[in-house]
Structures are given as structure tokens and as C-alpha cells.
Amino acid sequence: MDGNPPTCDFSTKTNRGVYLSKSLIFVILIIFALALVATAFIVYNFAACPRTDQLANVTKYELTRCEQPKLLVIPLATDNNKSIIAVETTTSLIETTTVDETPKVTDVRLPKYVKPDRYYLKLTPYIYEGNFTFDGEISIILTVKNETKQITFHGVELTYHSIKLIKKEDGGEVKIVERTEDIPRQFQILILDEPLIAGKQYYLNITYTGILNDNLHGFYRSSYEDQKVKRWIAVTQFQATDARRAFPCWDEPALKARFVISIARPNDMTSVSNMNIVRRQKHDSLKNYTWDHYAESLPMSTYLVAFAVTDFGNMSDNNFSVWARKEALPSAAYALDIGPKILKFLEEYYKIEFPLPKIDMMALPDFKAGAMENWGLLTFREIAMLYDEGVSPTTAKARVASVVAHEIAHQWFGNLVTPAWWSDIWLNEGFASYVEYVAVDAVEKTWKLMEVFVLNEVQSVFKLDALTSSHQISVEVGNPEEIGAIFDKISYGKGSAILRMMNHFLTDSVFNAGITAYLNARKFGDAEQRDLWSALTAAAQGSGAFDGDVAVVMDSWTLQTGFPVLTITKDYDTGEIEFKQERFVLINNTLEDQKSPVWWIPVSYTTAAEKDFESTRPQLWLRGERSIVVKNISISRNDWIIANIQQTGFYRVNYDQHNWELLIKILNDPSRFQEIHPINRAQIIDDAMNLALSGRLDYRTALDITSYLTHERSYVPWKAGLVALGYIDAMLSKGAYYLEYKRHVLRLVAGAARELGWAGERAESVVRAQQRVALLATACHLRHVACLEHAVRLYANWMLSANPDAYNEIHADIRSTVYCVGVQTGGAREWRFAWDRFTEASAPSERELLLSVLGCTRSPHLLYRYLELSLRNDSGIRKQDTVRVFSAVASSAIGEPIAFNFVRANWQRLKDYVGSVSTLNSILKVVTRRLNQVHEYEELQRFVNESCSELGRPVQQVLERTAANVQWMQRNYQTIVDWLLEADKSAPAVDDA
């Protein structure tokens, strides 16, 4: 028998082959056509509406027209990073994707069928090597809003052991048919055998196990060394979307509930949570564990839940306690001193008592954020809460006060009243960022911290908001990465700046009354920005302070990207003055005029005749108009005008050329420049230099303004000048004419630096200490000989000390400059000495400082070594400090290409190590600040396209900023070089190395 199977012969055979009859051909064609139709129908059905039992080997799917199954469970092969993806379908569409990439979703809101009322949570963390897990038991009381046969909640990286749904009314169990996981949305979905009845309550009881991860989010592990012994602790960080990593929950800010928490902890450790402990009991099965049972909380959002299991020590002042490593606990004394004072001030400021029975503040060795406002349990990086007199610089004390004030401010604005969704997170962060200055200014009156607000929260934010890739303050966000990305300078800094602007045009009394009314109306609930606008409008109209609708004014600032530049042009023949607005963008001509947004701009101003820099209420408004012409301002031809008094408005100001020349004249007059308020002197410098940077003002005019700094002695204008000149420094640092730039700035700095000197005064103000640090750092950076010699001598003497860790005579305020110069001018020996001091240091401020100065070396091999150390778990550099290392290395012209090349060569390794999109974005930002050549931009763009395009808006901002640097070089480089060369000819010699 041959190998061919028998066949049915319907053909006529001939010697030449096989022929088919016409009727048979017709039948075959009919069958073929029917087969095509059937195949198309099957393919359509499977591709459009995949089902659980038919997709075991699917590698690509499309959901475009399918309305049928509510739930799609897609088990995929487990190799090649494939995973199980489940999609809960609604009326929205999901784009075509492959399973190798988890589809990016934007609709991540939970269904509204049920709402949690109470969580009864019991956790047992296992805090020892080789385990690092926790067991959880949770019982959630649910109220059904709409009849449903489905329950959807959040849960990530949790292993479920049992899930039961019990009717509260009669104790009957509702059968759960299936549990499915929607990985992109981080949903757990329960399909029920019977519908839940609207208005009824049910218990959802779950037992599960979770991971004490080392990624600084959710319920995570941290460690520190005590007398060479590693000690482990377990702590939490849930904002914005990580409570779901610790317990199953409805993890959205508006879904508030009450929490009853119990923590099992080893007998030799303690636990802390949002509320006070009401009972302790021995653990039933773990003989070395004790249960701590906490009081029921007030209604709060899941992201504000917090707990910690540590062996820390604590100190208390009535209901206010601080916690830290026992060795570091004395350093928490200042936080314990200022915390209750700020709490009392804010109770009076809000006119609402703090509603919880206690506040705990805890300093953590590993903490991703600066601090977190968990209700009743505030958590901090150690550097943000601990202050060592004589070891920490004066500026660190101000930092502790500000961060403590920021987090306590949140206890009302954010915790008592919470944004309904993350799009309005600026209501939390903007308000706390503003009130921290108000509170510290009230408690530490001699510091005059409010003066530096314009530097930290206005001028620094302008740089980001001038990018076309910036975002609105109130911005729609969906997936967790998008939510995390808006915790930036726009939400914090711009949010606080526009609140300060509103405070000034409404007045303090009206603003405060509106805030109190808003908090009382929405307490224990959620709110949107329109609720705040309504309360402020009512307060303003009731007092007659403002007759408009606050929402109309403020929506122009929160719902539009960017900010305006107000150009003031005088007609010196008619006396008319035109006020014209347009959006300020870094790369000019990227916006068409007709598409440029408009704002409601409050305009305050003064003239040479008036010199009134105290009245900050607006004298006129641009009410969404592109320009207005004013005829009734009395001003002579040779009188200057200055708008935006004390820079209370969030906008830049440009003038006609004659007015700029008048301002240059008075500023360069040593006997008259102080007629202008110091904040407005800072504003003029910052506006002029950035108007020139964007091509709106000739750089020669802007640089002429900075020349007045030779006789300036106030910190705020000086700092604004150093920041503005610092951009030119970065752009010229790799060029042929950096020497001329260096000499110019040294001439400006020399006098003020000499007067301040190296030795600080007793009880010196924070502002004066900041000025000393800034000027001495600049002088040494620009290689002023006397500065370098003094710093080298101090560092060498420290190295000669018999016990350098115990005896360090360098004043804390100047250590940053001295250490950097010592490492920079030395070699491997000096670098190793600084590294050894880092490994031995226990004070957080000293460790942070040493991390920064280790990047000052000019030796490429040491810089590469330092970057390598930052990615090793055993190096002593904490994961939270990785960005600081890369920033330190990239801060010089030598280190920047090394850092950028290292990032590109080790990108996957970086991603695996840091485990955080926000950290990756920060690293990419700091290592690309100096890129300004076309080929560098092209290399960056290629890298982004190939490796990190998924990082979203922040990486687009990096690209845009680099493009702006390239444009700046093409447009301004020669103009600045010519100005510097001309200035250098007529200027006296400087003592530079």
C-alpha cells in the first residue's frame, strides 16, 4: 500500500490528468464561499468579543464593538513577561494592544454600585530576614447603592485565601461565582450568584497575604543599623494609590469610611496608627506577638490610613508625640517644640479644632516622599524632621519647620476635607504649601520666611510652567502613573502662588472667612475646586471686598496651562498706557497669538512718584481681555512704573525699552536702589533674565540690570540673580568664553561675600544664613582664590583630625561649600575620606550633605564609581537617595555627560532597581539639564523613543527643555559673549584661579 489515502472519484480520468465537471466546480465554489463567510463570522466574534474558554493562546486582541460579556478574562502564556489580563467592559472602547504590553488604560474609576462604610482590619507583619510578608484579615461593611451582581474593589500584590460575602440583615451567605483580576485597573471583581439589594448592607470578609516590599510604597520594609546590627521595621506610604497593596479596599479619595485597625507586632516592638490604642492582648497563635487594637477613626480616605511597627523611641508633649530611631531621638526635639505651636496657630487660623485625640510624627530611615500627612500619624524622611544643633545647617531648621507646618496644615485641608478626585490634588498641596509659610512666619517671626516665598513657590515654578508640555493645575488623570506625575511643582508651587494671589486681592479677613466656611461645609466629606470658589465668593460679596465671581477669575488660572506675561507700554506723547497679556512660553513663537489663552489678571502697580510697595490690592484688572488702554495713570515721562507689587500675581511683567532704562538707572544708583522693595528687585531681575531667555527682551538690557548686584545686600534679590545667572553658567560652562562669564559674576559677588565672611553670627536669621551659603558657594564655584584657599585649608585640617567623625570644627552652615571644594580640588584620598565620613555619619543632614559633595570630584573614574555604588543595596546609599547621587554627579560640566551616558547604558538596570516611574523621571531630568547642542538633543530624543517614551509628560518636558537650551544657544550665545567681552575690557581684575 502506498502512502496516499483512498479517495472518492468524481472525475473523469484521461491520460493527461484530472478534469472536473461544471456542476462539481459550482458546488465547490459554493462550499468555499460559505466557508469564507463562516470563518469571517468566527474571526469577528472571537476578535471582537473574546471569552474565557477560548483565549488560552491569544496573543493579540481587539475590543471595538463588543457589548456582550461584561467581563473578559484573558489567560495568557506565562513566558516572555506575559500575564493574565482581565478587562471589565463598559460603554468605553479599548484600543488594540498586544499582551506583551499591559494595555494603558485611562478609565480607572470604580463602579458606584456599592460603597464601603467601615473597615475592620487586622494585620500581622513578619519582620525578619527570609520572610517579609504579612497576613491580613478584613471585614468591610458595604452599603449597596444600586442593585448589582458584581462587586469591584482594589487589590494589588495580594494573595487571597478566602472571600465571603455575608448579608448583614440575617447572616446569610451570598455565593461568589467567580473572582477575576483586572490587572491594568488593579481591580478585583467578584461575580455573584444573586443580586445585591439596593439600600441593604453586607459584610465582605477576606483573608489574604501580602508582601512587605522594598519599593517604599504600600506596606513596606525598611532597615537601619544600630551598633552594627541591622534592624528591620515595617511602615506605610499609601498616597496616592497604594493602600490597595496593604488591604483590599475602595482606594479612591472620595470613598471615605471609618477604620478599626488592629496590628499584631513582636513583643519587643511597638506599633502606631492613625488613632490611639484602646486595648492590647496576647496573640492567639504567635507567642512572641501582641495585638494592639486602635480606636475607630473618623471618616477618612484610604490613602490617609497609616501604621508602623518599629523599635523606635518617642518623646511627648501632651497629645503630641515624636518617634525616631533611639540614637536619633534627641534630634526630634525641635520638631516636638515647633509642632504643637503650629497646631495651635492653625486651629486659630482655620477656626476649627483639630478633631483627633492625638498627633504622632515619625522620622523614617527610608521614605520616598519628603513627608506624608496621614491623619494623626505624620511620617517624614529623617532629614525633614530631625535637626541637630551644631551639626545641621541653619537652613535645615527652617526646612523642618516648613515641612512640619505643611503636613499639619493638611490635617484640615486634605484630611478633614478631601478632593473628590486626584484632578484637584492641588487643593491639598497648593493650600498646604501656602499655609506652611503663613504658619512658620507666625511662629518663628524673626525668620521672615514669607520673603522667600517668591523664590521657592513663584519664580521656581515659572520655569516648569513656561513649557508647552506643562499642565493645568486642575487636570484630568486616570491611571496611577498619571496620578503620580501631577504631584509636581504645578500642584504644589503654582497652587500655592495663585492662592497667595487670591489672598491679596480678596484681603486676609475675607480669604480666611471663606476658607473656614468651606471647611465647615464639607468636613468629613469630599469637595471640588468649585466648592472652594463658592465659599470664597460668598465671603467676598458679603463683605463688599470683591463683587465678582471668584470661580470666573480663578478658573482662568486652574483650568488653563501656563501663565501670562503682562507687557506694559507707555505712549510718552499721549500718556496712555497699554496693558497687554499673552502666554509666556520658553520657546517663543510656539503659540499662535489667536490660540494663546487669556487670564483674569489683578494688576497692582506703583510709580517713581508714589513708591508704594505695601499696597498689593489690584488697581485694575484685565478681565480676560488681551489688552486694555488706561488713560488716568498720572506719570511723568521720566518716571518709572513697576507692576505686580511684591510679585503677588502669578505673572511676569515686561516694559517698553525706556521704562527698562529708567529701572536700570535707579537700580545702579547705590544711594537709591533700595527705594524699590527687595521682592520687586528680585522680580525685576528674574523677569528680565527670563524675558531675555525667551527672546522677548534684549540680553544686553537684562545683563545691565544684573550689574547692580555689586551693591545689593539683601538675600531675595541676590538669590534671584544667582539662579538667573546660573542658567547662563550651565550653558557656557562647556564653551570657550566661560572665563569671561566667571570673572563678571565674581565681580558682582566679591563685595557681598567679603562682608558676610565665613563665620556666622550667634542666633543668625535663617535668611542671612542662606545668603552666606549661596554667595560663598558661588565664589568658590567660580574659583575665587581666597575662597578656594580657605575651604581647602578647613577640609585638610578636618582630615588631619584624630577622630573626624566626633570632632568637626567646620561650621555647619559652610560645610557644603568646604566639603565640595575639598573633594573637587583633591584626588582619590580626599574623595575616600568623604565617603568614609558618609558611611559613619548618623545625622541625616550630614549624610545628605556628603551624598551631594561626593559628586564634586573631577575624576571621571570616581564619578563612575559613585554612580555604580548608588545602584548597590550593600553600599549604604538608600534607594530614596538615588536621585541625589545622579544630581550631584551631573551638576558639573565634567559629570553631566558621565551621568547621562551611565543612564543610557544602564537604563534597564535602573528601572529594575528603583522600581518607580517618578524616580526615573527625576533621574532623567537631572542628568540632562546641561544639554544644549543639536547632536545632544538628537541623542536624547533617540534614547527617549527607544527606551523611555512610556514615562509620559515628564519626559516630554525634558525634551522640550533641552530643545529650549539648543534654541537659546543659537539665539543668544554670541550676544552674551559680546557683552561679556566688552564688560571684561573695562572692569577691574579679579582674584580667580
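Values in this document were obtained by computation on a predicted structure and should not be read as measured data.

Moving on to the sheet that holds strand S22 (residues 313–317). Across the sheet, which stays open at both edges, the five strands sit in the order S22-S23-S24-S26-S25 with mixed pairing between neighbours. For this open sheet the edge positions go to S22 and strand S25 (371–372), each flanked by a neighbour on one side alone. The pairing of S25 with strand S26 (residues 377–381) spans two bridges and is classified as antiparallel. Directly across from Met372, in S26, lies its bridge partner Thr379. On the sheet, helix H2 (residues 333–350) packs against S22, strand S23 (320–324) and strand S24 (359–364) and is oriented at approximately 150° with respect to S23.

Next up on the list: the state of the cysteines. Scanning all chains against the criterion turns up two disulfides. With a sulfur-sulfur separation of 1.9 Å, Cys780 is cross-linked through a disulfide to Cys787. Linking Cys780 and Cys787, the disulfide has an S-S dihedral of approximately -95° and is accordingly described as left-handed. Cys787 carries the same exposure label as Cys780, and that label is buried. Ordinal numbering of bonded cysteines along the protein defines a disulfide pattern of 1-2, 3-4.

A separate point is the nonpolar core. Among the nonpolar cores identified, the biggest contains 319 residues, and Phe247, Trp250, Tyr350 and Phe579 are the most heavily contacted of them. With residues near it in sequence (within four places) discarded, Phe579 still touches Leu566, Thr567, Ile568, Val603, Leu620, Leu622, Arg626, Ser627, Ile628, Val630 and Ile633.

Okay, the pattern of salt bridges next. For the structure on display, the rule yields 47 salt bridges. Lys341 serves as the salt-bridge partner of Asp337, at 3.4 Å between the closest nitrogen and oxygen. Taken together, the positions of Asp337 and Lys341, both in helix H2 and four residues apart, correspond to about one turn of that helix. On the basis of relative accessible area, Asp337 is assigned to the partly exposed category, the value being 38%. Salt-bridge contacts for Arg743 lead to Asp984; the nearest nitrogen and oxygen are separated by 2.7 Å. Placement of the pair is Arg743 in helix H16 (residues 738–756) and Asp984 in helix H28 (residues 953–986), with a sequence separation of 241 residues. One exposure class covers both Arg743 and Asp984, and it is buried.

Here we come to the packing of aromatic side chains. Taken as a whole and judged by the stated rule, the model has 53 aromatic pairs. Relative to Phe247, the ring of Phe238 lies with its centre 6.1 Å away and its plane at 75°, an arrangement referred to as edge-to-face. Ring geometry for Tyr795 against Tyr819: centres 6.4 Å apart, planes inclined by 65°, an arrangement best described as edge-to-face. Linking Tyr795 in helix H18 (residues 785–799) with Tyr819 in helix H19 (residues 815–825), this pair joins segments that are 24 residues apart in sequence. Each residue in the set Phe345, Tyr349, Tyr350, Phe354, Trp412, Phe413, Phe431, Tyr434, Tyr437, Phe453, Phe511 and Tyr518 is aromatic and connected to the rest through ring pairs, giving one cluster.

In this section: unusual backbone geometry. The general pattern is negative phi for most residues beyond glycine and trans for most peptide bonds. In this model, Gln239 is joined to Ala240 through a cis peptide bond whose omega is 5°. The topology assignment puts Ala240 in the loop between strand S16 (229–237) and strand S17 (258–266).

Here H2 contains 18 residues, and its C-alpha end-to-end distance of 26 Å stays within 8% of the 26 Å for a straight helix at 1.5 Å per residue. Along H2, the residues classified as buried are Tyr334, Ala335, Leu336, Ile338, Gly339, Ile342, Leu343, Leu346, Tyr349 and Tyr350. One or two residues past the end of H2 sits Lys351, with phi positive at roughly 60°.

Moving on, we come to helix H10 (residues 529–543). With 15 residues, H10 should reach 21 Å at 1.5 Å per residue; the first-to-last C-alpha distance of 22 Å fits that figure. Buried within H10 we find Gln529, Leu532, Trp533, Ala535, Leu536, Thr537, Ala539 and Ala540. Those residues of H10 that are buried are in contact with helix H5 (425–443), helix H8 (489–506), helix H9 (508–522) and helix H11 (550–558).

What follows is about the packing of helix H21 (residues 844–853) against helix H23 (residues 882–889). Between H21 and H23, the shortest axis-to-axis distance is 7 Å and the interhelical angle comes to 40°. Viewed along their axes, H21 and H23 adopt a mutual orientation that is oblique. Packed against H21, whose contacting residues are Glu848, Leu851 and Ser852, the element H23 presents Arg884, Val885 and Ala888 at the interface. Split into classes, the residues belonging to the contact of H21 with H23 amount to three nonpolar, one polar and two charged.

Take the layout of surface pockets next. Roughly 1200 Å³ of internal volume is contained in the second largest pocket. Lining the second largest pocket are 40 residues, and of these Ser223, Tyr224, Arg847, Gly876 and Arg878 sit closest to its centre. Those elements that place two or more of their residues in the lining of the second largest pocket are strand S15 (218–226), S16, helix H3 (382–385), helix H20 (828–840) and H21. Residue contributions to the lining of the second largest pocket peak at six residues, all from S15. For the lining of the second largest pocket, the residue count by class is eleven nonpolar, nine polar and 20 charged.

Looking now at the UniProt feature "active site" (unreviewed entry) in the protein. On the UniProt side, "active site" (unreviewed entry) is annotated at positions that read Glu407 here. Among the structural elements, Glu407 can be located in helix H4 (residues 394–410). A distance of 3.2 Å separates a polar side-chain atom of Glu407 from the backbone nitrogen of Glu373.

Right, let's get into the sheet that holds strand S30 (residues 577–583). The strand order across the open sheet built from four strands is S34-S30-S29-S36, with neighbouring strands paired in mixed fashion. Taken across any chain shown, the strands that pair with only one partner, and hence form the sheet edges, are strand S34 (627–630) and strand S36 (652–655). The mean inter-strand angle of the sheet, taken between neighbouring strand axes irrespective of direction, is 20°. With four bridges connecting them, strand S29 (residues 564–570) and S36 associate as parallel partners.

This brings us to the pairing of strand S13 (residues 187–196). For strand S9 (residues 148–154) and S13, the ladder comprises six bridges, and the chain directions are antiparallel. Across the sheet, the residue bridging to His154 is Phe187, located in S13. Pairing between strand S12 (residues 176–182) and S13: six bridges, direction antiparallel. Paired with Glu178 across the two strands is Ile191, which belongs to S13. A loop of four residues connects S12 with S13, the two strands running antiparallel in sequence, and Gln186 in this loop sits at a positive phi of about 60°.

Where empty space is left can be seen by rolling a probe of water-molecule size over the atoms. Across all of its chains, the model carries four cavities of 30 Å³ or more by this definition. In this structure, the largest cavity encloses a volume near 80 Å³. What lines the largest cavity is a set of 15 residues, among which Val108, His154, Thr241, Arg244 and Ile483 lie closest to the centre. Partitioning the lining of the largest cavity into residue classes produces six nonpolar, five polar and four charged.

Cut-off values and rules
- All residue numbers here refer to positions counted from 1 along the written sequence of the relevant chain.
- Only residues with pLDDT of 70 or above have their local features reported here, since the model is predicted, and side-chain atom pairs are shown and tallied only from 80 upward, although totals for entire chains, interfaces and linings are computed over all residues.
- To get the side-chain values, all heavy atoms of the structure are used, and hydrogens and water are removed first.
- A pair of strands counts as paired when DSSP detects no fewer than two bridges linking them.
- Only DSSP runs of H or I with at least four residues qualify as helices, and only runs of E with at least two residues qualify as strands; both kinds are numbered from the N terminus onward.
- Note on definitions: a residue-residue contact is assigned when non-hydrogen atoms from the two residues lie within 4.5 Å.
- Angles here are taken between N-to-C directions and fall from 0 to 180 degrees, while the axes themselves are lines fitted to C-alpha atoms, restricted in helices to the stretch in contact.
- In plain terms, two cysteine sulfur atoms within 2.5 Å form what is called a disulfide here.
- Under the scheme applied here, a residue whose accessible area is under 20% of the maximum for its type counts as buried, over 50% as exposed, and between as partly exposed, the area being computed with a 1.4 Å probe on protein chains only.
- By convention a nonpolar core is built from buried Ala, Val, Leu, Ile, Met, Phe, Trp, Tyr and Cys residues, the set being connected through side-chain atoms within 4.5 Å.
- We define a salt bridge as a side-chain nitrogen of Lys or Arg found within 4 Å of a carboxyl oxygen belonging to Asp or Glu.
- Aromatic pairing here means that ring centres of Phe, Tyr or Trp (its six-membered ring) are within 6.5 Å. Orientation follows from the plane angle: under 30 degrees is stacked, over 60 is edge-to-face, and everything else is tilted.
- Expected span of a helix, by definition, is 1.5 Å for each gap between consecutive residues, and there is one gap fewer than residues.
- Orientation labels follow simple angle bins: below 35 degrees gives roughly parallel, above 145 gives roughly antiparallel, 65 to 115 gives roughly perpendicular, and whatever is left gives oblique.
- Polar here means any residue outside two lists: the nonpolar Ala, Val, Leu, Ile, Met, Phe, Trp, Tyr, Cys and Pro, and the charged Asp, Glu, Lys and Arg; Gly therefore counts as polar.
- Cavities and pockets were defined on a 1 Å grid built from protein atoms only: a cavity is a group of points that admits a 1.4 Å probe but offers it no way out, a pocket is an open group of points flanked by protein on both sides within 12 Å along at least five of seven lines, and a lining residue is one with an atom within 4 Å of any such point.
- Grid points are joined across faces, edges and corners, and a volume is the space filled by probe spheres set on the points.
- UniProt positions are given in the numbering used here, feature names are shortened, and annotations may be inferred rather than shown by experiment.
- In protein, a polar contact requires one atom able to donate a hydrogen and another able to accept it; more generally it is a pair of N or O atoms within 3.5 Å, and residues adjacent in sequence count only if both atoms are side-chain atoms.

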